[in-house]
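Spelled out, the chains give:
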Amino acid sequence: MLSANIQAGSSTRRYSDYATRSWSHVLPMGNKRGMLDAIAKLAGRHDIVGLQEADPGSWRSGFTNQTHYLAERGGFDYWTHQPNRRVGQFASSANGLLSKFEPLDIAVHSLPGRISGRGVLVARFGEGDDGLTIAVAHLSLGAQSRASQLSFIAELLADTPHAVLMGDFNCTVDRPEMASLFRQTRLQPPACMVHTFPSWKPQKAIDHILVSDGLGCRDMQAFPAAFSDHLALSVELDVPPAALKR
């Protein structure tokens, strides 16, 4: 399983790039197709992938739906996306899901917050208590907005015995707003902190794959997602045999 903020295929290698390369976030220039190919190669080694900041097909991506592109290049039979933020007519951003297993159900939800444009994508695999629920989210920068978003997600996952919540949380797991998520669901804090940001000198663990107590996980690692400002986070997940069956 992999979670990756792909920064729409843009390149950020130092803090100064946020200013000097800001054009790359709204213009269809640079080697974005090459960046996506590198991400597809990494994604293809996994069975389920959650994406954040995937362009759903705006001008800056050359009208390429990046989630679909990664599904085709990475060898995934199933994919879906949730467009949730638009920058004028030039750029757009989405959560995405790539899977080698067929989901039973897909749902998308807008998240609350001071500024609209955040969402959570929820996929369900298998039936009954053995089924697996995968949620992909990209949370806000502000603590107050994150608190309301995590409370919303907690309600979605409260009665789910086998759940995974992955994405860019923009905060570490020891933040107060995260504590309410752990109280209201069976999701557990990770056994170890893996730093993912900034990608060129990782100092913060703000990307997470949270797993419920009924599932086992091991071998959590971070990998470059081409030249995104976030490293991608990978984990091996142990699930019940019926969790992925239709």
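The protein goes by Endonuclease/exonuclease/phosphatase family protein in an unreviewed UniProt entry, where it is assigned to Luteimonas colneyensis.

Q: Account for the overall build of the protein, naming residues and giving values.
A: Counting its regular elements, the protein contains five helices and 12 strands. For the protein, the residues scored as buried account for 53% of the 246 residues in total. Considering only residue pairs separated by 6 or more positions, the protein has 67% of its internal contacts joining residues 24 or more positions apart. Of the roughly 10900 Å² of accessible surface on the protein, 51% is carried by carbon and sulfur atoms.

Q: Report on the pairing of strand β7 (residues 132-138), specifying residues and quantitative values.
A: Burial analysis of β7 places seven of its seven residues in the buried class, which makes it a mostly covered element. Where strand β6 (residues 119-125) meets β7, six bridges bridge the pair, whose relative direction is antiparallel. Looking at the pairing, phenylalanine 125 lines up with leucine 132 of β7. The antiparallel hairpin formed by β6 and β7 contains six residues in its connecting segment, where glycine 126 sits at a positive phi of about 70 degrees. Note: β7 against strand β8 (residues 163-168), six bridges, orientation parallel. Note that in β8 the partner of valine 136 across the bridge is methionine 166.

Q: Describe the packing of helix α2 (residues 32-43) against helix α3 (residues 66-74), listing the residues and the values that go with them.
A: Viewed as axis vectors pointing N to C, α2 and α3 meet at an angle of 55 degrees, and their least axial separation amounts to 9 Å. Between α2 and α3, the angle falls in the class oblique. Crossing handedness for the pair α2 and α3: right-handed. Note on element contacts: α3 touches α2 through Gln66, Tyr69, Leu70, Arg73 and Gly74, opposite Arg33, Leu36, Asp37, Ile39 and Ala40.

The rules behind each value
Residues numbered from 1 in each chain as written. Predicted model: local features only at pLDDT ≥ 70, side-chain atom pairs only at ≥ 80, totals over all residues. Heavy atoms only, no water. Helix = DSSP H or I, 4+ residues; strand = E, 2+ residues; numbered from the N terminus. Buried < 20%, exposed > 50% of the residue type's maximum accessible area, 1.4 Å probe, protein only. Contact = heavy atoms within 4.5 Å. Areas by Shrake-Rupley, 256 points an atom, 1.4 Å probe, with all protein chains shown as cover. Pairing = 2+ DSSP bridges. Axes fitted to C-alpha atoms, helices over the stretch in contact; angles between N-to-C directions. Parallel < 35°, antiparallel > 145°, perpendicular 65-115°, else oblique. Left-handed = near helix turned anticlockwise from the far one by under 90°.

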